[in-house]
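Overview (structure and organization)
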Amino acid sequence: QVQLVESGGGLVQSGGSLRLPCPASGSIFSINNMSWYRQASGKPRELVAAFPNIGGRNYADSAKGRLTISRDNAKNTVYLQMNSLKPEDTAVYYCEADISTVRDRGTRYYQYWGQGTQVTVAS
């Protein structure tokens, strides 16, 4: 009953920008942490940025200064603004959220994942 759907990916030249939105929908009671991950071909999935409800945002070293995570809690949406993109940013990007459903009423939280959106940065 809960889903996350990333979009906004595509092909961009080195130095370009993309903005990835990921709205959560369904039977949502509350959301704690929301994050972005990416997985390059042949490599494991890695954390790009995290936006917890408590505390500051966290970034992978490779993302600092270029990628920015933000949230619109009224829309249950997390965004990843990507600037100064490099070919090494090429990957499938996934959003993740720790969500408690209406049924659980904040007693339990589970990780939910989007389906991924492809970002390709040309040299």
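Source: prediction; values computed, not measured.

**Focus on the sheet that holds strand E7 (residues 67-72)**
- Read across the open sheet, the four strands follow the order E1-E3-E8-E7; overall the sheet is antiparallel. Edge strands, defined here as strands with exactly one partner in the open sheet, are strand E1 (2-4) and E7. Adjacent strand axes in the sheet meet at a mean angle of 10° when their direction is disregarded.

**Structural notes on the packing of aromatic side chains**
- Per the stated rule, a full pass over the model turns up one aromatic pair.
- Aromatic pair Tyr37 and Trp113: ring centres 4.9 Å apart, planes at 55°, arrangement tilted. Of this pair, Tyr37 sits in strand E4 (residues 28-39) while Trp113 is found in strand E10 (residues 110-113), placing the two residues 76 residues apart along the sequence.
- Classification of Trp113 by relative accessible area gives partly exposed; the value is 33%.
- Directly above the aromatic system of Tyr79 lies the positively charged group of Arg19, at a separation of 4.4 Å from the ring centroid.

**Notes on the state of the cysteines**
- A complete count under the given rule lists one disulfide for this structure.
- Between the sulfur atoms of Cys22 and its disulfide mate Cys95 the distance is 1.8 Å. One end of the pair, Cys22, is in strand E3 (residues 18-26); the other, Cys95, is in strand E9 (residues 91-101), and 73 residues separate them in sequence.
- Relative accessible area serves as the criterion here: at 0%, Cys95 is assigned to the buried category.

**Looking at unusual backbone geometry**
- With phi around 50°, Asn76 is a residue other than glycine that occupies positive phi space.
- Along the chain, the position of Asn76 falls in the loop between E7 and strand E8 (77-82).
- Accessibility expressed as a relative area gives 27% for Asn76, which makes it partly exposed.
- At Ser84, a residue that is not glycine, the phi angle is positive and equals roughly 50°.
- You can see Ser84 is positioned in the loop between E8 and E9.
- The class of Ser84 is partly exposed, set by a relative accessible area of 41%.

**Quick look at the environment of Leu47**
- Within the secondary structure, Leu47 sits in strand E5 (residues 46-51).
- In the structure, Leu47 is positioned 49 residues away from Glu96 in sequence and 9.9 Å away in space, judged by C-alpha atoms.
- Contact partners of Leu47, with chain neighbours within four places excluded, come to Ser35, Trp36, Tyr37 and Ala60.

**What about the pattern of salt bridges?**
- Evaluation of the coordinates by the stated rule reveals four salt bridges.
- In this structure, the salt-bridge partner of Arg38 is Glu46, at a minimum N-O distance of 3.0 Å.
- Under the relative-accessibility criterion, Glu46 is labelled partly exposed at 37%.
- One salt bridge connects Asp89 with Arg66, and the closest N-O pair in it is separated by 2.7 Å. Within this pair, whereas Asp89 is found in the loop between E8 and E9, its partner Arg66 is found in the loop between strand E6 (58-59) and E7, the two being separated by 23 residues in sequence. Arg66 carries the same exposure label as Asp89, and that label is buried.
- Salt bridges sharing common partners tie together Arg38, Glu46, Arg66 and Asp89.

Definitions and cut-offs
Residues numbered from 1 in each chain as written. Predicted model: local features only at pLDDT ≥ 70, side-chain atom pairs only at ≥ 80, totals over all residues. Heavy atoms only, no water. Pairing = 2+ DSSP bridges. Helix = DSSP H or I, 4+ residues; strand = E, 2+ residues; numbered from the N terminus. Axes fitted to C-alpha atoms, helices over the stretch in contact; angles between N-to-C directions. Phe/Tyr/Trp six-rings, centres within 6.5 Å; stacked < 30°, edge-to-face > 60°. Buried < 20%, exposed > 50% of the residue type's maximum accessible area, 1.4 Å probe, protein only. Lys NZ or Arg CZ within 6 Å of the ring centre and 35° of its normal. Disulfide = S-S within 2.5 Å. Contact = heavy atoms within 4.5 Å. Salt bridge = Lys/Arg side-chain N within 4 Å of Asp/Glu carboxyl O.

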